[in-house]
Amino acid sequence: MNLRRAGRNRYTDRWTWRVGCPCGRTRSNRCAFRVAQLERVRNLAGPVEFSIYGLWSLCKNKDVPRKVREVTTQISPAEAWQRLLAGNKRFVSGDALHPNQDASRRSALVDSQNPFAVIFGCSDSRLAAEIIFDLGLGDAFVVRTAGHVIDDAVLGSLEYGVSVLNTPLIVVLGHDNCGAVTATKNAVETGEMPPGFIRDLVERITPSVLTSLREDKTDVNDMVVEHAKQTAARLLESSQVISSAVDNSSTAVIGVAYRLEEGRADLVSEFDML
Ligand SMILES: [Zn+2]
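Criteria and thresholds
- Residues numbered from 1 in each chain as written.
- Predicted model: local features only at pLDDT ≥ 70, side-chain atom pairs only at ≥ 80, totals over all residues.
- Helix = DSSP H or I, 4+ residues; strand = E, 2+ residues; numbered from the N terminus.
- Buried ≥ 20, exposed ≤ 12 C-beta atoms within 10 Å, placed from the backbone.
- Contact = placed C-beta atoms within 7 Å.
- Expected span 1.5 Å × (residues − 1).
- Arc of directions from axis to C-beta.

Asks: Help me understand the overall build of the protein chain, please; the structure alone is not making it clear to me.
Replies: Looking only at helices and strands, the protein chain features 10 helices and 7 strands. Burial analysis of the protein chain (274 residues in total) assigns 32% to the buried set. For the protein chain, long-range pairs separated by at least 24 residues make up 66% of all intrachain contacts whose partners lie at least 6 apart in sequence.

Structure (structure tokens):
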């Protein structure tokens, strides 16, 4: 297979591959690779980035039997986490690059998206995912509810991120001094439930608070960590799509706790792919 790396985007950290058609006859007029190259010259487009499978399906040299497999530039779960960490480090130190936020990035994403992480976090206004991980357009598929509480719409959104967008990492993002976790702690301690649908949030966070109390962890920030862990575990229990993707190592689910003062995001759940 004629496959070699052509270059690396310094923001996305993603390799671009130059590929040869699996037909092995790249000089033939019937070869899809040759046609793609000619198209590229004609359109003065950038480096070739496509799947071998896509080329092979177009190639007319089908008389050459070859084993064809899909090649993508998808990064691994561990690489996705390292990239988030690097962005968070820049944010903490005040050296944010604000990548992928210009007009060219915007127009490049009109027809498709290929985010490298799903971030399921609390809605808190101080926890803006793209800012704290120094990301831009098309980098993260973000789902947020108060206290990162799970419901059917959340599960559907996360399943879309994993099964349609093939995102290699789901981050459950909690934070210290979380209002939703604090409200739940108060409700458990006083027995008084908040009114309206806030009660629904509290009921869904209660198991995490009870686990913390059982382990003598009475600080709300310990409860936040427990809640991030339990939310990550519950995603796997609730969604067949997510648990299957984790089983075949195409994605990972991790819990992360964010510190409002330092701006630091710490891994709080097991992540054996690192
Ligand atoms: Zn919160």
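Asks: What's the story with helix 3 (residues 77–93) in this structure? I'm lost.
Replies: Side chains that are three or four residues apart share a direction in an α-helix, a result of its 3.6 residues per turn. Across its 17 residues, helix 3 extends 25 Å between first and last C-alpha, which sits within 8% of the 24 Å expected from 1.5 Å per residue. For helix 3, every residue scored as buried is listed here: P77, A80, W81, R83, L84, G87 and N88. For helix 3, the angular spread of the buried residues around the axis is 160°, confining them to a single face. Here the buried face of helix 3 lies against strand 3 (117–122), helix 5 (129–132), strand 5 (169–175), strand 6 (252–258) and strand 7 (265–267). Just downstream of helix 3, G94 is the residue with a positive phi angle, here 80°.

Asks: I'm lost on unusual backbone geometry in this one. Help?
Replies: If a residue is not glycine, its phi is most likely negative; likewise, a peptide bond is most likely trans. Look at N100: it is not a glycine, yet its phi comes out positive at around 55°. Mapped onto the fold, N100 is located in the loop between helix 3 and helix 4 (103–108). In the Ramachandran plot, S249 falls in the positive-phi region, its phi being about 65° despite a non-glycine side chain. Locating S249 in the fold gives a position in the loop between helix 10 (240–247) and strand 6.

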